[in-house]
Amino acid sequence: MLTDITLGQYYPGNSVIHKLDPRAKIIATLLFIAAIFFADSLLSYGVLALFVAVVIGLSRLPVLMVLRSVKPLWIIIVLTLFIHAFTGEGKDVLYQYSFLRLTTEGIIMGIKMSLRLVFLLLISSILTFTTSPIVLTDGIEALLRPFKCIGVPAHELAMMMTIALRFIPTLIEETDRIIKAQTARGADFDSGSLLQRAKNMLPILVPLFISAFRRADELAIAMEARCYRGGEGRTRMHELAYKAKDFIALAIIILLIAVLAVMRWGLGL
């Protein structure tokens, strides 16, 4: 399960999506998340699925690797489906027990909510797969820079977000190593009650926290040794610049939102 977590990983490539400006990709991702909430019918969700499939194809990412980003949260996705299926309002009751009612309308709503989570995970993974941490930092900082006038530390926030994303795979690998080491010493993490399993996680959490703090301290020392003093006066080897393809990508996302809005409120689809 731990090895299936792909958030924060970068997959080098030379595709159209890789070459987009990071600011355009971040804005496009946020607009796509907004577009998800414009979808209301199964047909509109089909349009979103087709769009995601086209983006995956243009990014030239391995399809199985992108789909694997959904696997770690499958429990939440299934739980969302069941919650809406058994608690949603509807007249077509398929099954009822006490206050729980399984309705056709609830099942449809549960499918929609689950698909929203799947699309959100897929598009977020594509963003991190196609954008290196350094470039992602520059993009976030550039987008936050206008808010510096009201005291928002743009560079510091961007740096913290990118470091957090960068160390997700590292902490996952560290956790996997700790689990294997504890299992080799006779630890059992699969048997017993839920409370017992929670107690068995202590031999994993304690060394994991120690390792995380040690890595943070080493990173801080390394940054200070290189005279890191924040974002003031910093220059970059490659300055960000919007190109025609970035505006085309944003225009496509806006067109997608317009199509979904027309389908929902104009055509009633």
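One can find the structure itself at the top, above this paragraph.
Here's a quick rundown of the structure.

Definitions and limits used
- Per-chain numbering applies: the sequence of each chain, read as written, is numbered from 1 onward.
- The model is predicted, so local features are restricted to residues of pLDDT at least 70 and side-chain atom pairs to those at 80 or more, both for listing and for counting; the totals for chains, interfaces and linings are taken over all residues.
- Remark: hydrogens and water are excluded; side-chain values derive from all non-hydrogen atoms of the structure.
- Runs of H or I in DSSP of at least four residues are treated as helices and runs of E of at least two as strands, each being numbered from the N terminus.
- In these notes, a set of buried Ala, Val, Leu, Ile, Met, Phe, Trp, Tyr and Cys residues joined through side-chain atoms within 4.5 Å is what counts as a nonpolar core.
- Buried, partly exposed and exposed residues are distinguished by accessible area as a fraction of the type maximum, computed with a 1.4 Å probe on protein chains only: under 20%, between the cut-offs, and over 50%, respectively.
- By the convention used here, residues are in contact when the closest approach between their heavy atoms is within 4.5 Å.
- The patches described consist of residues with a relative accessible area above 30% and no salt bridge, like charges being joined within 9 Å and nonpolar side chains (Val, Leu, Ile, Met, Phe, Trp, Tyr) within 5 Å.
- Methods summary: accessible areas were calculated by the Shrake-Rupley approach with a probe of 1.4 Å, and residue burial reflects only the protein chains presented.
- Salt bridges are identified by distance alone: a Lys or Arg side-chain nitrogen within 4 Å of an Asp or Glu carboxyl oxygen.
- Expected helix span is taken as 1.5 Å per residue step, with the number of steps being one fewer than the number of residues.
- Pairing of N or O atoms within 3.5 Å defines a polar contact, subject to two protein rules: one partner must be a possible hydrogen donor and the other a possible acceptor, and residues neighboring in sequence count only if both atoms are side-chain atoms.
- In this description, a line fitted to the C-alpha atoms serves as the axis of each element, helices being fitted only across the stretch in contact, and the angle between N-to-C directions of two axes falls anywhere from 0 to 180 degrees.
- Roughly parallel here means an angle under 35 degrees, roughly antiparallel means over 145, roughly perpendicular means 65 to 115, and every remaining angle is called oblique.
- Crossings are assigned a handedness: left-handed for a near helix turned anticlockwise from the far helix by less than a right angle, right-handed for a clockwise turn.
- Basically, the charged four are Asp, Glu, Lys and Arg, the nonpolar ten are Ala, Val, Leu, Ile, Met, Phe, Trp, Tyr, Cys and Pro, and anything else, Gly included, counts as polar.
- Here the positive residues are Lys and Arg and the negative ones are Asp and Glu; neither His nor the chain ends is included.
- Working note: the arc is built from the helix axis to C-beta atom directions.

Let us now look at the environment of Leu 120. With respect to the secondary-structure elements, Leu 120 resides in helix H6 (residues 104-129). For the pair formed by Leu 120 and Ile 36, sequence separation is 84 residues and the distance between their alpha carbons is 8.1 Å.

Of all hydrophobic cores here, the largest spans 33 residues; its most connected members are Phe 32, Leu 48, Val 66, Phe 119, Ile 126 and Leu 256. Looking at this core, the elements that each hand over two or more residues are helix H2 (22-36), helix H3 (42-59), helix H4 (63-67), H6 and helix H11 (244-266). The residues contacting Val 66, other than those within four sequence positions of it, are Ile 56, Leu 61, Leu 122, Ile 126 and Phe 129. Grouped together as the second largest cluster of nonpolar side chains are five residues, Ile 26, Leu 127, Ile 140 and Ala 158 included.

Residues Met 201, Leu 202, Leu 205, Phe 209 and Phe 213 make up a contiguous nonpolar surface patch of roughly 510 Å² in combined accessible area. With respect to the helices and strands, Leu 202 occurs in helix H10 (residues 202-225).

Working note: α-helix, 3.6 residues per turn, so residues spaced by three or four point in the same direction. Taking 1.5 Å per residue, 15 residues should reach 21 Å; H2 reaches 21 Å between its end C-alpha atoms and fits that length. Elements in contact with the buried residues of H2: helix H1 (16-19), H3, H6, helix H7 (133-144) and H11. Here H2 starts with a cap whose side-chain oxygen sits 2.8 Å from the backbone nitrogen of Arg 23, and that cap is Asp 21.

With that settled, consider the packing of H7 against helix H8 (residues 154-184). One can describe the packing of H7 onto H8 by two numbers: an axis separation of 8 Å at closest approach and a directional angle of 150°. In terms of orientation, H7 lies roughly antiparallel with respect to H8. Considering only the axes of H7 and H8, their crossing is right-handed. In this structure, H7 contributes Pro 133, Leu 136, Thr 137, Ile 140, Glu 141 and Leu 144 to the contact, and H8 contributes Ala 154, His 155, Leu 157, Ala 158, Met 159, Met 161, Thr 162, Leu 165 and Arg 166. Taken together, the residues of the contact of H7 with H8 break down into ten nonpolar, three polar and two charged.

Along the chain, Thr 103 turns up in strand S2 (residues 100-103). Taking the relative accessible area as the measure of exposure, Thr 103 reaches 0% and is therefore buried. Side-chain polar atoms of Thr 103 contact the backbone nitrogen of Gly 106, separated by 2.9 Å.

Structurally, Lys 25 can be placed in helix H2. One buried charged residue, Lys 25, remains without a salt bridge, the closest side chain of opposite sign being Asp 246 at 8.0 Å.

As a working rule, side chains carrying opposite charge can pair if their charged atoms are close by. Counted by the stated rule, this structure contains four salt bridges. Between Arg 23 and Asp 21 there is a salt bridge, with its nearest N and O atoms 3.0 Å apart. We classify Arg 23 as buried; its relative accessible area is 14%. On the accessibility criterion, Asp 21 (5% relative accessible area) is buried. For Lys 180, the salt bridge goes to Asp 176, with nearest N and O atoms at 3.3 Å. On the criterion of helical spacing, the pair formed by Lys 180 and Asp 176 is a turn pair, its members being four residues apart in helix H8. Since its relative accessible area comes to 22%, Asp 176 is described here as partly exposed.

The next subject is helix H5 (residues 74-87). An ideal rise of 1.5 Å per residue puts 20 Å on 14 residues; H5 measures up with 20 Å between its terminal C-alpha atoms. Here H5 has its buried residues at Ile 77, Thr 80 and Ala 85. All buried residues of H5 project into a common sector of 125° when viewed along the axis, lining one side. Of the exposed residues in H5, those oriented more than 90 degrees away from the buried face are Ile 75 and Thr 87. Buried residues belonging to H5 abut S2 and H6.

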